[in-house]
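Observations on the model geometry
Read off the chains here:
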Amino acid sequence: MSVNIALKVTDLDNVATIFANGITDGTEVEVRDKKGNAETVKVIGDVPYGHKIAVKDIKKGELIMKYGEEIGIATKDIVKGEYVHVHNLDSMRGRGDWDK
C-alpha cells in the first residue's frame with residue numbers, strides 16, 4: 001500500500017504541500033517535517049498534486065505560512081486538513097497594496 005505524503009518544511013509553516021495524486025475529500029495523508037516527525041491528517045476537499053492543506057486550524061485574518069514565508073492571509077477560518085487555496089486565502093505575493 002502506498003503512503004500519500006505532504007511536506008511541512010519549517011516549524012513556522014501552518015500548511016503542508018501535497019506530493020501525491022488523487023487526493024480527494026476524506027483521504028488520509030502523512031504530513032512529514034524535516035525533523036522526521038510524521039502525523040496522519042484527513043484531507044478536507046479534493047487537493048491537486050503540489051497544492052496545500054492546513055496542518056492546524058487557521059483563523060480568519062491569520063497569515064498563511066509556507067516554506068517559512070508569509071504567502072497570504074486567511075479570508076475565513078480554515079480547519080486542520082482543509083485544502084488551502086484561492087477560495088480561502090488572499091495572496092500577498094506580487095501585490096503593491098499590502099502594508100506590513
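Residues numbered from 1 in each chain as written. Predicted model: local features only at pLDDT ≥ 70, side-chain atom pairs only at ≥ 80, totals over all residues. Heavy atoms only, no water.

Description of the overall build of the protein
Rules: Strands here are runs of E lasting at least two residues and helices are runs of H or I lasting at least four, both read from the DSSP assignment and numbered beginning at the N terminus. Here the open area of atoms and residues is found with the Shrake-Rupley method and a 1.4 Å probe, where only the protein chains shown may cover a residue. In this charge count, Lys and Arg are treated as positive and Asp and Glu as negative; neither His nor the chain ends contribute. To locate a charge, the coordinates of NZ of Lys, CZ of Arg, CG of Asp or CD of Glu are taken.
The helix and strand tally for the protein stands at zero helices and nine strands. Overall size of the protein, expressed as C-alpha extent along the three principal axes, is 45 × 30 × 20 Å. Here the protein has roughly 5900 Å² of accessible surface; of this, 50% comes from carbon and sulfur atoms. The average position of the 15 basic charges and that of the 17 acidic charges among the side chains of the protein differ by 2 Å.

Details of the environment of Thr10
Defined as follows: Contacts between residues were defined by any pair of non-hydrogen atoms, one from each residue, lying within 4.5 Å. The definition of a polar contact used here is a pair of N or O atoms within 3.5 Å, where within protein one atom must be able to donate a hydrogen and the other to accept one, and adjacent residues in sequence count solely through side-chain atom pairs.
Within the secondary structure, Thr10 is located in the loop between β1 (5-8) and β2 (15-18). With 55 residues separating them in the primary sequence, Thr10 and Met65 have C-alpha atoms 9.1 Å apart. With residues up to four places along the chain from it excluded, the contact list for Thr10 reads Tyr67 and Gly68. Of note is the side chain of Thr10, whose polar atom sits 2.9 Å from the side chain of Asp13.

Details of the packing of aromatic side chains
For the record, the criterion: Between rings of Phe, Tyr and Trp, where Trp is taken as its six-membered ring, a pair exists when centres lie within 6.5 Å; planes separated by under 30 degrees are stacked, by over 60 edge-to-face, and by other angles tilted. Note on classification: 1.4 Å probe, protein chains only; a residue is buried when its accessible area is under 20% of the maximum for its type, exposed when over 50%, partly exposed between these limits.
Scanning the model with the defined rule gives one aromatic pair in all. The interplanar angle of 90° and the centroid separation of 5.8 Å between the aromatic rings of Phe19 and Tyr49 together place this pair among those described as edge-to-face. Of this pair, Phe19 sits in the loop between β2 and β3 (28-33) while Tyr49 sits in the loop between β4 (38-42) and β5 (52-54), placing them 30 residues apart in sequence. The class for Phe19 is partly exposed, based on a relative accessible area of 36%. Residue Tyr49 is classed as partly exposed on the basis of its relative accessible area, which comes to 47%.

Brief notes about the side chain of Thr27
Relative to the elements of secondary structure, Thr27 occurs in the loop between β2 and β3. A distance of 2.7 Å separates a polar side-chain atom of Thr27 from the backbone oxygen of Thr24. Residues within four places of Thr27 in sequence aside, it is in contact with Asn4, Gly22, Val41, Lys42 and Val43.

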